[in-house]
Amino acid sequence: MSKRINRNGAAEGPAGTEAPMAAAPVPESAQPSPDDFPVFTPASYVRDNVAGLAALALCLASIVIVLPALGVNPAGTLLTADILTLVALAAGFLDYRRKAAFYQELHGLLAQLRQACVLPSLIPEPSFLEGRIAFCTAARLGQLSSEETALLRDDAAAYRRYIELWIHETKTPIAAIKLMLANEPSPLSAKVARELERVEAQVDQALYYARSTSVERDYAIREVNLAAAAREACKRNTRFLIERGALPAFDIPEDLTVLADEPWLVFMLGQVVTNAAKYGATRIQFAAREEEPGTSRGRTVLEVRDDGCGIPAADVPRVFERGFTGQVGRAAGSATGMGLYLVASLCASMGLHVGLASEEGVGTRVILTFPHDRTRKDLFGA
């Protein structure tokens, strides 16, 4: 039973049926949409000034009752009521026009706004009291938002530097222990080496997570030999693959290169490989192909297919979410839900695309797409 990627990039199962396909998630804001905000319209303005309209109606009623009692003829009473009505309506119309220009412009900006601190610079300060209060409030909130963001950025940068320093310091004793184990081979040292490899893999995962959350550029896009990167990823996880009985196979042209950061690419492929072996795969097949070469949509597609236990259809759309382990991961007990999340994050940073298709009991495919666009190398290359 096999599946393939159709022309639209979706995975197909037997007889052309659609199989679950997951792509790297696009972050969505949890904030309410600007379409949900109150809109300043004539109807809303009238509703907001019901008290004033009621006062006007009461005033007109008083004129109609009081002026005739004071001896004013009906024509004079009607003229007085008309003048008062026209003056009140004109004042209301001018007040509406003045406020509508500000609030409608504000509503339009909210639909495009991405940073709160820039809002006061995009709109002129209004001339009416309520608008000035709203404007000053927005300016103050923008200032506080900028200050809070700067503090959070500094804290995150300091924490990231600490984590990276800790990781590099931790790698030193790991390397020393590996050297001691290599000098004293024994059945026990082989077991310790396997556990040490797991520790090193988790340390590397923490390092790349710290780098993936940084706004600083910690990578350089270069031409990378895809076959060499795939073999290096398997080589770094040799003990784990042997222990799990997973055999990698490669169908990648030896001269095929892609535009990526080599350490990041090797790490990502390592995450895919260890995931496959962890969940019962006995064979991990790497296959690469070029699509639409020589065009603006030219790309290289790397498919990593395994024959593991597969992923339940309900879990496939969420596999790239941070911390999501799913039914299979919870059953295994050792899943962290970070491996595929990091793959998606690093792909997004390098301008790559990652997708996943799986069928429970059959296996899983991870598809990495490398655009041929040379400007990526010019922009991000060393």
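Residues numbered from 1 in each chain as written. Predicted model: local features only at pLDDT ≥ 70, side-chain atom pairs only at ≥ 80, totals over all residues. Heavy atoms only, no water.

(A) Representation of the pairing of strand E8 (residues 299–306) in the model. Of all eight residues making up E8, seven are buried, and the element is well covered by its neighbours. Pairing between strand E7 (residues 283–291) and E8: eight bridges, direction antiparallel. Bridged to Ile284 within E8 is Asp306. Of the strand pairs in this sheet, E8 and strand E10 (residues 363–371) are connected by eight bridges, and their pairing is antiparallel. Paired with Val301 across the bridge in E10 is Thr369. (Buried < 20%, exposed > 50% of the residue type's maximum accessible area, 1.4 Å probe, protein only. Helix = DSSP H or I, 4+ residues; strand = E, 2+ residues; numbered from the N terminus. Pairing = 2+ DSSP bridges.)

(B) Representation of the pattern of salt bridges within the structure. The final tally for this structure, using the stated rule, is 16 salt bridges. The residue Arg289 makes a salt bridge to Glu303 at a minimum N-O spacing of 3.9 Å. You can see Arg289 sitting in strand E7 and its partner Glu303 sitting in strand E8, a full 14 residues away along the chain. Across the pair Glu292 and Arg299 runs a salt bridge, and its minimum N-O distance is 3.2 Å. The network of salt bridges with shared partners includes Arg289, Glu291, Glu292, Arg299, Glu303, Arg305 and Arg365. (Salt bridge = Lys/Arg side-chain N within 4 Å of Asp/Glu carboxyl O.)

(C) Representation of the confidence of the model for the protein. Mean pLDDT for the protein: 80, with 84% of residues reaching 70 or above. The low-confidence segment residues 1–20 (pLDDT under 50) makes 46 contacts with residues lying over four places distant or belonging to another chain. Counting interchain partners and residues more than four positions distant, the pLDDT-below-50 stretch residues 26–30 has zero contacts. (pLDDT = per-residue confidence, 0-100. Contact = heavy atoms within 4.5 Å.)

(D) Looking closely at the side chain of Glu197. Among the structural elements, Glu197 can be located in helix H6 (residues 187–212). Among buried charged residues, Glu197 stands out as having no salt bridge; its nearest opposite-charge side chain is Arg239, 4.2 Å away. There is a polar contact of 3.1 Å between the side chain of Glu197 and the backbone nitrogen of Phe240. (Lys, Arg positive; Asp, Glu negative; His and termini not counted. Polar contact = N/O pair within 3.5 Å; in protein donor to acceptor, adjacent residues only side chain to side chain.)

(E) Seen up close, the packing of helix H7 (residues 226–236) against helix H9 (residues 262–278). Between H7 and H9, the shortest axis-to-axis distance is 8 Å and the interhelical angle comes to 55 degrees. Relative to H9, the element H7 lies oblique. When you trace H7 past H9, the crossing you get is right-handed. For the pair H7 and H9, the contacting residues are Leu226, Ala229, Ala230, Glu232, Ala233, Cys234 and Arg236 in the first and Leu265, Val266, Leu269, Gly270 and Val273 in the second. Split into classes, the residues belonging to the contact of H7 with H9 amount to nine nonpolar, one polar and two charged. (Axes fitted to C-alpha atoms, helices over the stretch in contact; angles between N-to-C directions. Parallel < 35°, antiparallel > 145°, perpendicular 65-115°, else oblique. Left-handed = near helix turned anticlockwise from the far one by under 90°. Nonpolar A, V, L, I, M, F, W, Y, C, P; charged D, E, K, R; others polar.)

(F) Region of the structure containing the nonpolar core. Counting residues in each nonpolar core, the largest one holds 53 residues, and the members touching the most others are Leu265, Phe286 and Leu302. Per-element tally for this core: the top contributor is H9, with ten residues. Every residue in contact with Leu302, bar those within four places of it in the chain, is listed here: Leu226, Ile252, Leu269, Phe286, Ala287, Ala288, Val366, Ile367, Leu368 and Phe370. One finds Ile163, Ile174, Ala193 and Leu196 within the second-largest nonpolar core, a separate group that totals nine residues. (Core = buried A, V, L, I, M, F, W, Y, C linked by side-chain atoms within 4.5 Å.)

(G) Spatial organisation of unusual backbone geometry. One non-glycine residue with positive phi stands out, namely Glu292, at about 50 degrees. Along the chain, Glu292 turns up in the loop between E7 and E8. Here Glu292 falls in the partly exposed class, since its relative accessible area comes to 34%.

(H) Broad picture of H9. For H9, with 17 residues, the first-to-last C-alpha span of 24 Å sits near the 24 Å given by 1.5 Å per residue. Of all 17 residues in H9, 13 are buried, a share of seventy percent or more. For H9, the N-terminal capping position is held by Asp261, with its side-chain oxygen 3.0 Å away from the main-chain nitrogen of Trp264. Looking one or two residues beyond H9, the residue adopting positive phi is Gly280, at roughly 90 degrees. (Expected span 1.5 Å × (residues − 1).)

(I) Spotlight on the side chain of Thr274. Mapped onto the secondary structure, Thr274 falls in helix H9. Since its relative accessible area comes to 15%, Thr274 is described here as buried. In contact with Thr274, other than residues within four places in its own chain, are Asn237 and Phe240.

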